[in-house]
Every structure is written in structure tokens, then in C-alpha cells.
Amino acid sequence: MKLTLGLFCLSIHFAFALNTYAQSTSITLDVVACPIAEVLDIIEKETEFQFFYNSKVVNVKETVSVKAKSENVITVLDRIFDNSEIQYRIIDKDIILTVAERTAKTQQTKSVRGG
């Protein structure tokens with residue numbers, strides 16, 4: 001029973017420690033009309049994060065303007081991707097970029113007749 005309780009507590013600790021680096025890392029940025037790809041390069045150079053994305057799917061040529069002074073990386077990423085279809089997921093020190101699925105899908109209507 002003690003072993004089970006100990007393993008349970010340990011697993012809870014690791015579950016809550018996943019975003020610790022992301023939550024504690026701050027960054028200072030001051031970019032105007034800069035491509036997202038260049039902003040991501042700056043973040044990689046100033047932190048231990050690495051970005052992963054498919055440039056054929058994720059439009060990192062889009063320009064953004066961001067001004068942040070010692071702000072949390074998560075807050076900065078939220079501002080960078082605020083007006084875009086890009087969404088991100090942080091796994092340890094890796095940030096994976098994907099494109100959000102469209103919520104309004106085109107509906108097709110078909111007539112079905114029995115005979």
C-alpha cells in the first residue's frame with residue numbers, strides 16, 4: 001500500500017512538472033513586421049525551446065509585431081499566434097506548431113430517393 005501511494009504521488013508530481021520550464025521562462029522581444037519564422041529563431045536563441053513545424057502547412061512567412069519585456073513565453077506565443085490559424089503545443093522544451101482546423105465546414109446537401 002505504501003509503495004502504491006508513493007508511486008501515485010510521484011506520478012502526480014511529474015504530471016504537474018511538464019510545463020514548469022515554459023511557465024518559468026521569460027523573454028524580451030521588440031519586433032515590428034517581422035516574419036514569424038524569424039521571431040521563432042529569436043526565441044530559440046534566447047531560450048532552450050525548439051520549434052517543430054511543417055513549413056508547407058504552417059505559414060511562418062506571415063509577419064507579426066510583438067513587444068514584450070521579461071514576459072512569460074506562453075504569453076508571448078499567445079500574442080504571436082493570436083490572429084493566425086497557427087496553434088502550438090508545448091512538450092517539455094519542444095514547441096510543436098500546427099494549423100487549427102476550421103470550425104465552419106462546408107456542408108454538402110444530397111438528395112436521396114428511394115425506389
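Up top is the structure these notes are about.
A quick note: this is a predicted structure, and the numbers were derived from the prediction, not measured.

**Topic: the nonpolar core**
Membership of the largest hydrophobic core comes to 25 residues, with the highest contact counts inside it found for Ile36, Val39, Ile43, Leu77, Ile80, Phe81 and Leu97. Among the secondary structure elements, those contributing two or more residues to this core are strand E1 (26-35), helix H3 (36-46), strand E3 (63-72), helix H4 (73-80), strand E4 (86-91) and strand E5 (94-99). With sequence-adjacent residues up to four places away left out, Phe81 is seen in contact with Ile36, Leu40, Ile86, Tyr88 and Leu97.

**Side note on H4**
Three or more residues of H4 are buried, namely Val73, Val76, Leu77 and Ile80. Seen along its axis, H4 keeps its buried residues to an arc of 100°; they face one direction. Near the N-terminus of H4, the side chain that reaches the backbone nitrogen of Ile74, with its oxygen 2.7 Å away, is that of Asn72.

**What about the side chain of Thr25?**
With respect to the helices and strands, the residue Thr25 is situated in the loop between helix H2 (20-24) and E1. Residue class for Thr25 comes out buried when judged on its relative accessible area of 8%. From its side chain, Thr25 meets the backbone oxygen of Tyr21 in a polar contact 2.5 Å long. Those residues within four positions of Thr25 in sequence are excluded, and the remaining contacts are Thr47, Phe49, Glu71, Asn72 and Val73.

**Some words on the sheet that holds strand E2 (residues 50-52)**
Ordered in space as E2-E5-E4, the 3 strands form an open sheet in which the pairing is mixed. Strands with a single pairing partner mark the edges of an open sheet, and in this sheet they are E2 and E4. Within the sheet, the average angular offset between the axes of one strand and its neighbour, ignoring direction, is 25°. Against the sheet, H4 touches E2, E4 and E5, its axis set at about 160° to E4.

About the criteria used
- Residues numbered from 1 in each chain as written.
- Predicted model: local features only at pLDDT ≥ 70, side-chain atom pairs only at ≥ 80, totals over all residues.
- Heavy atoms only, no water.
- Core = buried A, V, L, I, M, F, W, Y, C linked by side-chain atoms within 4.5 Å.
- Buried < 20%, exposed > 50% of the residue type's maximum accessible area, 1.4 Å probe, protein only.
- Helix = DSSP H or I, 4+ residues; strand = E, 2+ residues; numbered from the N terminus.
- Contact = heavy atoms within 4.5 Å.
- Arc of directions from axis to C-beta.
- Polar contact = N/O pair within 3.5 Å; in protein donor to acceptor, adjacent residues only side chain to side chain.
- Pairing = 2+ DSSP bridges.
- Axes fitted to C-alpha atoms, helices over the stretch in contact; angles between N-to-C directions.

So, to be careful, I would describe these as geometric facts and stop short of saying anything about function.
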